[in-house]
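Inside the fold
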Amino acid sequence: MPHVHTPEAEALLDHEFRVLDQGFVRLVDYMGSDERIVAAARVSYGKGTKTVRENEVLINYLMRHEHTSPLEQVVLTFHVKLPIFVARQWIRHRTARVNEISGRYSVMKDDFYLPSEETLRTQSTINKQGRDEKPVTQEAAKRIISEMEAGQREAYGRYESMLGEDLAREVARIGLPLSLYTEWYWQIDLHNLFHFLKLRLDAHAQWEIQQYAQVMAKITKAVAPMAYAAFERYQLNEVKFSQETVEWLRANVPRDRDLPLELRERLDVK
Ligand SMILES: Cc1cc2nc3c(=O)[nH]c(=O)nc-3n(C[C@H](O)[C@H](O)[C@H](O)COP(=O)(O)OP(=O)(O)OC[C@H]3O[C@@H](n4cnc5c(N)ncnc54)[C@H](O)[C@@H]3O)c2cc1C
């Protein structure tokens, strides 16, 4: 099979999608698409049929049964500019290959993330890690943003003056705040990218990283549209049941009903 290209993904290549105030996501390159997934899967399942509809059925089957290794045959490389506090959450996804700008080698640019007024919310009382629906007052928002900006300016001014004294860059940078933007190349296969997207598109993820995940979801959909649809169906929008809930459902859902296949399987309905 020759290189697989999708026109939708080709159109996105190299385009900088703006995220937050100064960040971006850019699809640098990709390898494979839906066709590569089915070709790899057919190594294990035999040649079989090859219509578009049957490819779709096969991809859905793979996703539903968590036969995920064919998805690993598709690889995407992103260039991302992101604040360091977002990068710290992102880097926890260990299955990617990363190359980040070096603050030891380069002078860090004066690029800091400043949240917009609308995103400033009070501390959530339900979710200890999150923010509430309730916005801070407009007056407080303006003051907080201007205080953040002043702190960033001061920190960067000190950084520059330390560099001016010929202090090594690797030491001078240690006083720079988490809102400083960094950049990296991030390469990952489709299976692990779906895992990243599931966790970071979720409402429990920090709002800022969600913004990146949303852009990357659109790019991923362009690269492998059938696989993305199957991801939405079987991973992103799935609902997990605990043992207790399954037991309750087994005891209470009428067996004579025309139940969907997945529910029949979970409830051992013949
Ligand atoms: C809403 C939210 C809140 C979070 N809060 C915190 C927090 O407060 N503190 C904190 O420290 N982290 C926090 N995290 C990070 C979280 O615990 C995970 O580290 C992160 O989401 C990456 O997930 P992962 O390990 O499944 O992904 P990956 O690292 O991409 O791993 C993918 C899969 O491979 C497996 N894997 C990868 N490497 C190994 C390995 N070496 N050994 C065994 N299995 C491996 C993983 O188990 C996983 O199934 C949070 C994440 C989210 C989404």
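Residues numbered from 1 in each chain as written. Predicted model: local features only at pLDDT ≥ 70, side-chain atom pairs only at ≥ 80, totals over all residues. Heavy atoms only, no water.

1. Considering the overall build of the chain
Stated formally: Secondary structure is summarised from DSSP: a helix means a run of H or I of at least four residues, a strand means a run of E of at least two, and numbering begins at the N terminus for each. The rule is simple: take the accessible area with a 1.4 Å probe, protein chains only, and divide by the maximum for that residue type; under 20% is buried, over 50% is exposed, in between is partly exposed. Residue exposure ignores everything except the shown protein chains as possible cover, and the areas themselves are Shrake-Rupley values with a 1.4 Å probe. Think of it this way: Lys and Arg go in the positive column, Asp and Glu in the negative one, and His and the chain ends go nowhere. Where a charge lies is defined by one atom per residue type: Lys uses NZ, Arg uses CZ, Asp uses CG and Glu uses CD.
Per the secondary structure count, the chain includes eleven helices and seven strands. Overall, the chain is about 75 × 50 × 30 Å in size when its C-alpha atoms are taken along their principal axes. Counting every position in the chain, which comprises 270 residues, the buried fraction comes to 41%. Here the chain has roughly 16,400 Å² of accessible surface; of this, 51% comes from carbon and sulfur atoms. Looking at the chain, you have 37 positive and 40 negative side-chain charges, and the mean spots of the two groups are 4 Å apart.

2. A look at the environment of S69
Structurally, S69 is set in the loop between α3 (52-64) and β3 (75-83). Each C-alpha atom, one on S69 and one on A168, is 45 Å from the other, the two residues being 99 residues apart in sequence.

3. Points about the site of the ligand
Condition: Put simply, a residue is near a molecule or strand once any heavy atom of it comes within 4 Å of that molecule or strand. Between N or O atoms, a polar contact is any pair within 3.5 Å; within protein, one atom must be a potential hydrogen donor and the other a potential acceptor, and residues adjacent in sequence are included only when both atoms are from side chains. Residues are grouped as follows: Ala, Val, Leu, Ile, Met, Phe, Trp, Tyr, Cys and Pro are nonpolar; Asp, Glu, Lys and Arg are charged; every other residue, Gly included, is polar.
As a structural note, the neighbourhood of the ligand is formed by R92, H93, R94, T95, Q129, H195, L199, R200 and H204. Take R92: an N or O atom from its side chain is 2.6 Å from an oxygen atom of the ligand. R94 places a polar main-chain atom, nitrogen or oxygen, 2.7 Å from an oxygen atom of the ligand. Considered on its own, the ligand offers 930 Å² of accessible surface; in the complex 48% of this is hidden by protein. Tallied by class, residues from the shell around the ligand come to one nonpolar, five polar and three charged.

4. Here's the deal with helix α5 (residues 138-164)
How we decide: Helix span, expected: 1.5 Å multiplied by one less than the number of residues in the helix. We call two residues in contact whenever any of their non-hydrogen atoms come within 4.5 Å of each other.
For α5, which comprises 27 residues, the first-to-last C-alpha distance of 39 Å matches the rise-based estimate of 39 Å (1.5 Å per residue) to within 8%. Looking at α5, one finds that the buried residues are A140, A141, I145, Q152, A155, Y156 and Y159. Where the residues of α5 are buried, they touch α6 (169-172). Phi turns positive, to about 70°, at D166, one or two residues after α5.

5. Some details on a nonpolar patch on the surface
Using the following cut-off: Each patch is built from salt-bridge-free residues with over 30% relative accessible area, joining like charges within 9 Å and nonpolar side chains (Val, Leu, Ile, Met, Phe, Trp, Tyr) within 5 Å. Should a side-chain nitrogen of Lys or Arg be within 4 Å of a carboxyl oxygen of Asp or Glu, the pair is scored as a salt bridge.
There is a patch of nonpolar side chains on the surface, built from M162, L167, V171 and I174 and spanning about 330 Å² of accessible area. With respect to the helices and strands, the residue L167 is situated in the loop between α5 and α6. Here L167 falls in the partly exposed class, since its relative accessible area comes to 35%.

6. A closer look at the pattern of salt bridges
Pairing is possible between side chains of opposite charge, provided their charged atoms come close. Throughout the structure, instances matching the rule amount to eight salt bridges. Where R26 meets D14, a salt bridge forms, and the shortest distance between an N and an O atom there is 2.3 Å. Here the residue R26 occupies a position in strand β2 (residues 23-31), and D14 occupies one in the loop between α1 (7-12) and β1 (16-19), the gap between them amounting to twelve residues. Looking at D14, the relative accessible area reads 51%, which means it is exposed. The shortest N-O distance in the salt bridge between R53 and E56 comes to 3.5 Å. Of this pair, R53 and E56 both sit in helix α3, separated by three residues, roughly a single helical turn. Owing to a relative accessible area of 54%, R53 belongs among the exposed residues under this scheme.

7. Some words on the packing of aromatic side chains
The line we're drawing: Pairing of aromatic side chains here covers Phe, Tyr and the six-membered ring of Trp, requires ring centres within 6.5 Å, and sorts the geometry by plane angle: under 30 degrees stacked, over 60 edge-to-face, intermediate tilted.
Under the defined criterion, the tally for this structure stands at twelve aromatic pairs. Ring centres of W90 and W184 lie 5.9 Å apart, and the angle between their planes is 75°; on these two criteria the pair is classed as edge-to-face. Of this pair, W90 sits in helix α4 (residues 84-90) while W184 is found in strand β7 (residues 181-189), placing the two residues 94 residues apart along the sequence. As far as the burial class goes, W90 and W184 line up, both buried. When the ring of W186 is compared with that of F196, the centres are 4.9 Å apart and the planes differ by 50°; the resulting orientation is tilted.

8. Focus: the sheet that holds strand β4 (residues 97-100)
Short version of the rule: Each pair of strands is called paired provided DSSP finds at least two bridges between the two strands. Lines fitted to C-alpha atoms define the axes, with helix axes restricted to the stretch in contact, and inter-axis angles between N-to-C directions lie between 0 and 180 degrees.
Reading across from one edge, β1-β2-β3-β7-β4 is the order of the five strands in this open sheet, with antiparallel pairing throughout. Two strands lie at the open edges of the sheet, namely β1 and β4, each paired on one side alone. Across the sheet, the axes of successive neighbouring strands diverge by a mean angle of 20°, strand direction being ignored. Against the sheet, helix α7 (residues 190-200) contacts β3 and β7, and its axis sits at roughly 130° relative to β7. Across the sheet, helix α8 (residues 207-223) touches β1, β2, β3 and β7, and the angle it forms with β2 is around 25°.

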